[in-house]
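Residue-level structural notes
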Amino acid sequence: GGEERAILAETMGLRSVSTSDEQILSTIAQVHRECGGYVIDPHTAVAAAACLSSSSPDDGVPRVIMGCAHPGKFTGAVSKALGNRPASDWMPLGDRAHPAVAAILALQERAKGGDDLSRETPGVHHFVKGQDWERTLRGILTSSNM
């Protein structure tokens, strides 16, 4: 139960923190500024914010943060954190040329242009912000006999 997890966490020296959207963006910007232009994704920024908010950062305890994703998956958030700079300003050319990253960036560009990618790919469905997605999803599941 919860008490056992709390005891285990205490024994192992673990702690948890929560991070607001604003803290995530400011952490991306801080790491970029203080680490020679290194860009992290929002998930990694949560871990970095937790390390940076440690009550005793100079306690001699090493802290390791493992990057969770490529920042190219989150160009909107990362660009916003870096002063609304386009991805081409902060993402290295080599990263942009990687096939997986290039595919993500191409899809993001198409979505910005209003392309409904669901029309050309079976099994992909387009959801619009503000749409009753629960009703739409129920209809999709019902029609596919799941």
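My aim in this report is to walk through the structure given alongside it, one point at a time. (Residues numbered from 1 in each chain as written. Predicted model: local features only at pLDDT ≥ 70, side-chain atom pairs only at ≥ 80, totals over all residues. Heavy atoms only, no water.)

1. Observations concerning helix α3 (residues 42-52)
Along α3, the residues that are buried comprise Pro42, Thr44, Ala45, Ala48, Ala49 and Ala50. Buried residues belonging to α3 abut α2 (21-34) and α4 (75-81). Between the side-chain oxygen at the start of α3 and the backbone nitrogen of His43 there is a gap of 2.8 Å, and the oxygen is on Asp41. (Buried < 20%, exposed > 50% of the residue type's maximum accessible area, 1.4 Å probe, protein only. Helix = DSSP H or I, 4+ residues; strand = E, 2+ residues; numbered from the N terminus. Contact = heavy atoms within 4.5 Å. Polar contact = N/O pair within 3.5 Å; in protein donor to acceptor, adjacent residues only side chain to side chain.)

2. Some thoughts on a nonpolar patch on the surface
A cluster of nonpolar residues, Phe127, Trp133, Leu137 and Leu141, forms a patch on the protein surface that exposes about 390 Å² of accessible area. Residue Trp133 is classed as exposed on the basis of its relative accessible area of 53%. (Patch = residues over 30% accessible without salt bridge, like charges linked within 9 Å, V, L, I, M, F, W, Y side chains within 5 Å. Areas by Shrake-Rupley, 256 points an atom, 1.4 Å probe, with all protein chains shown as cover. Salt bridge = Lys/Arg side-chain N within 4 Å of Asp/Glu carboxyl O.)

3. Some words on the side chain of His32
Examined against the element boundaries, His32 turns out to sit in helix α2. His32 gets classed as buried once you look at its relative accessible area, which sits at 18%. Filtering out sequence-adjacent residues up to four positions away, His32 remains in contact with Gly37, Tyr38, Val39, Leu82 and Arg85.

4. Some points on the pattern of salt bridges
A full pass over the atoms with the stated rule returns 2 salt bridges. For the salt bridge of Asp132 with Arg135, the shortest nitrogen-to-oxygen distance reads 3.8 Å. Classification of Arg135 as exposed rests on a relative accessible area of 65%.

5. Considerations on the environment of Arg63
Within the fold, Arg63 resides in the loop between α3 and α4. In this structure Arg63 comes out as partly exposed when scored by relative accessible area, which is 35%. Along the chain, Arg63 and Leu52 lie 11 residues apart, while their C-alpha atoms are 9.8 Å from each other.

6. Overview of the packing of α2 against α3
Two elements in contact, α2 and α3, have axes whose closest approach is 8 Å; the angle formed by their N-to-C orientations is 85°. Looking at the two axes, α2 sits roughly perpendicular to α3. The residues of α3 that touch α2, namely those facing Ile24, Thr27, Ile28, Gln30 and Val31, are Pro42, Ala45, Val46, Ala48, Ala49 and Leu52. Along the lines of polarity and charge, the residues of the contact of α2 with α3 split into 9 nonpolar, 2 polar and no charged. (Axes fitted to C-alpha atoms, helices over the stretch in contact; angles between N-to-C directions. Parallel < 35°, antiparallel > 145°, perpendicular 65-115°, else oblique. Nonpolar A, V, L, I, M, F, W, Y, C, P; charged D, E, K, R; others polar.)

7. A word on the nonpolar core
Among the nonpolar cores identified, the biggest contains 15 residues, and Ile28, Ile40, Val78, Leu82, Trp90 and Met91 are the most heavily contacted of them. At the level of secondary structure, the elements contributing two or more residues to this core comprise α2, α3, α4, α5 (87-90) and α7 (99-112). Looking at which element gives the most residues to this core, the answer is α2, with 3 residues. Contacts of Ile40, omitting those with residues within four sequence positions, involve Thr27, Ile28, Val31, Ala45, Ala48, Pro71 and Val78. (Core = buried A, V, L, I, M, F, W, Y, C linked by side-chain atoms within 4.5 Å.)

8. A word on the environment of Ala45
By the secondary structure assignment, Ala45 is in helix α3. By relative accessible area, Ala45 is classed as buried at 0%. Ignoring sequence-local partners within four residues, the contact set of Ala45 consists of Ile24, Thr27, Ile28 and Ile40.

9. A short note on unusual backbone geometry
Phi at Asn84 is positive, roughly 60°, even though this residue is not glycine. For Asn84, the position within the fold is in the loop between α4 and α5. By relative accessible area, which is 64% here, Asn84 ends up exposed.

Read these as layout, nothing more, since geometry by itself doesn't imply function.
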